[in-house]
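Fold and contact review
Residues per chain are reported as follows:
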Amino acid sequence: MSKRHRPIYVTEPHLPPLADFMPYLEAIWQSKRLTNSGPFHEQLESALADYLGVEHLSLFANGTLALVTAMQALRITGEVITTPYTFAATTHSLLWNNLKPVFVDVDPKTCNLDPDRIEEAITPATTAILPVHCYGFPCDVERIEAIADTYGLKVIYDAAHAFGVRHDGESILRHGDLSVLSFHATKVFNTFEGGAIVCPNDKIKRRIDHLKNFGFADEVTVVAPGINGKMNEVCAAMGLLQLEHIDAALATRSRIYRQYAEALAAVPTLQLIGPPEGTQWNVAYCPMLVSDTHPVSRDALYDRLKAADIHVRRYFYPLISSFPMYRGLPSAVPSRLGNAHRIARQVICLPIHPGLGADEVGSVLDILLAAD
Ligand SMILES: *Cc1c(COP(=O)(O)O)cnc(C)c1O
């Protein structure tokens, strides 16, 4: 086994040379424009819309505030159908809006909301569906749209993992009423902290722009009890710089994924999961299922890796539906969420980020492949 000098983390932010960031900081110091739709904020909104292939987007201080605001923008009420297999922020955004989450099980192939199970969860109080493109795997957007149209529901996609993902040649972010991105330091594209709501038209973007600025429509008109969700100029500048490197970063992620996939192909009880056919994937995560028949248990593998200073994560264990604030809901009963529970019990997300060398991936594989 090769000798390593640093720990390996499941993810690490990709940082361009610091010198490249200095001109941006100098411009901010000179203009004294620190926030409130400054020049870098405006530039990043249009550069990202171009890069992602969407009509409009509204930048946010983080993805969680963007999710909370998306529910406000569409005036969602009552019950919202969602997945238990996600990060806490997805479901918490509902509680912050006084909405009731209704959990529906996931499709075992994609880890995303199972369209076959959505209709049975609809009640007269249902107003929206909040699916997640988990790991950057596209949801079955056509089936979800058909159900939403039939029942008159809104669809808000938590697209925190789906930066740059395309399906059948089109951005996955063009589906639903709104899609929400996260630019947190751990994500594929980062602005330190940040996020965005992808908007299909100018009208909804304007409403969201007001909501993220305390509800101000102009200097003297406040149209809603808005929040402070604005992205500042330093974060927007970081986004502009990151955008120059994103294609190289995505290519490196694909290369690392292939290295894992080739080595693990020989072990049927350690199964990498990938996106559906027709996906141009961002390799945001590298999820692997440790089958119940594998000689080493998932948690024992996790401990072995940790002992070797390799810090993998069990995204998404525990399930959101087992958190104290959700487990009392009728839809949180484990027997109704069998697929989600099994995946949460078996999953390990392997280290994947553009700074990871082939030798480091080799060290991870040495431990995974070690004979019992
Ligand atoms: C990261 C993440 C969020 C929250 O984004 P922040 O920018 O960290 O607030 C929401 N949903 C999912 C699925 C995430 O992974």
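Criteria and thresholds
Residues numbered from 1 in each chain as written. Predicted model: local features only at pLDDT ≥ 70, side-chain atom pairs only at ≥ 80, totals over all residues. Heavy atoms only, no water. Patch = residues over 30% accessible without salt bridge, like charges linked within 9 Å, V, L, I, M, F, W, Y side chains within 5 Å. Areas by Shrake-Rupley, 256 points an atom, 1.4 Å probe, with all protein chains shown as cover. Salt bridge = Lys/Arg side-chain N within 4 Å of Asp/Glu carboxyl O. Helix = DSSP H or I, 4+ residues; strand = E, 2+ residues; numbered from the N terminus. Contact = heavy atoms within 4.5 Å. Buried < 20%, exposed > 50% of the residue type's maximum accessible area, 1.4 Å probe, protein only. Near = heavy atom within 4 Å. Polar contact = N/O pair within 3.5 Å; in protein donor to acceptor, adjacent residues only side chain to side chain. 1 Å grid on protein atoms, 1.4 Å probe; cavity = no way out; pocket = protein on both sides within 12 Å on 5 of 7 lines; lining within 4 Å. Sits in = over half its atoms within 2 Å of the grid points. Nonpolar A, V, L, I, M, F, W, Y, C, P; charged D, E, K, R; others polar. Points joined across faces, edges and corners; volume = space filled by probe spheres on them. Domains from an automatic or database assignment. Pairing = 2+ DSSP bridges. Arc of directions from axis to C-beta.

A few points about a nonpolar patch on the surface
Together, Leu95, Trp96 and Met325 line one region of the surface with nonpolar side chains, adding up to about 380 Å² of accessible area. Structurally, the position occupied by Trp96 is in the loop between helix 4 (88–95) and strand 4 (100–103).

Details of the environment of Pro354
Relative to the helices and strands, Pro354 is located in the loop between strand 17 (347–349) and helix 11 (358–369). Spatially, the C-alpha atom of Pro354 lies 18 Å from that of Ala160, the residues being 194 residues apart in sequence. Leave out the neighbours within four places in its chain, and Pro354 touches His14, Ala249, Thr252 and Arg253.

Some details on the side chain of Gln242
Locating Gln242 in the fold gives a position in helix 7 (residues 233–243). Since its relative accessible area comes to 5%, Gln242 is described here as buried. Not counting residues within four places of it along the chain, the set of residues in contact with Gln242 comprises His14, Pro16, Phe189 and Asn190.

Considering the site of the ligand
If you check the shell around the ligand, you find 14 residues, and the closest are Thr64, Asp158, His161, Ser182 and Lys187. Within the side chain of Thr64, a nitrogen or oxygen atom sits 2.6 Å from an oxygen atom of the ligand. Within the contact set of the ligand, a nitrogen atom lies 2.7 Å away from a side-chain nitrogen or oxygen of Asp158. Look at the ligand: alone it shows 380 Å² of surface, and the protein chains cover 93% of it. In this structure the site holding the ligand corresponds to the largest pocket. When residues of the shell around the ligand are traced back to their parent elements, those giving at least two are helix 3 (63–73) and helix 4. The class makeup of the residues in the shell around the ligand is three nonpolar, nine polar and two charged.

Quick word on the layout of surface pockets
Quantified by volume, the largest pocket comes out at close to 650 Å³. Lining the largest pocket are 37 residues, and of these Phe87, Lys187, Tyr285, Tyr315 and Phe316 sit closest to its centre. Counting only elements with at least two residues in the lining of the largest pocket, the list comes to helix 3, helix 4 and strand 9 (178–182). Counting contributing residues, the lining of the largest pocket receives three or more from each of domain 1 (18–104 + 112–241) and domain 2 (246–369). A volume near 280 Å³ is recorded for the second largest pocket. For the lining of the second largest pocket, the residue count by class is eight nonpolar, five polar and six charged. Residues lining the lining of the second largest pocket come from more than one domain, with at least three contributed by each of domain 1 (18–104 + 112–241) and domain 2 (246–369).

A word on the sheet that holds strand 14 (residues 279–280)
A sheet is described by the order of its strands in space; here three strands give the open sequence 8-7-14, paired in antiparallel fashion. What marks the edges here is a single partner per strand, and that holds for strand 8 (170–171) and strand 14. Relative to strand 8, strand 7 (residues 166–167) is paired through two bridges, and the arrangement is antiparallel. Residue pairing in the sheet places His167 in a bridge with Glu170 of strand 8.

Some points on helix 9 (residues 298–307)
Restricting attention to buried positions, one finds in helix 9 the residues Arg298, Leu301, Tyr302 and Leu305. Axial view of helix 9: buried residues confined to an arc of 100°, hence all on one face. Buried positions along helix 9 lie against strand 13 (270–272), strand 15 (287–290), strand 16 (310–311), helix 10 (338–346), strand 17 and helix 11. After helix 9 finishes, the residue Asp309 shows a positive phi value of roughly 65°.

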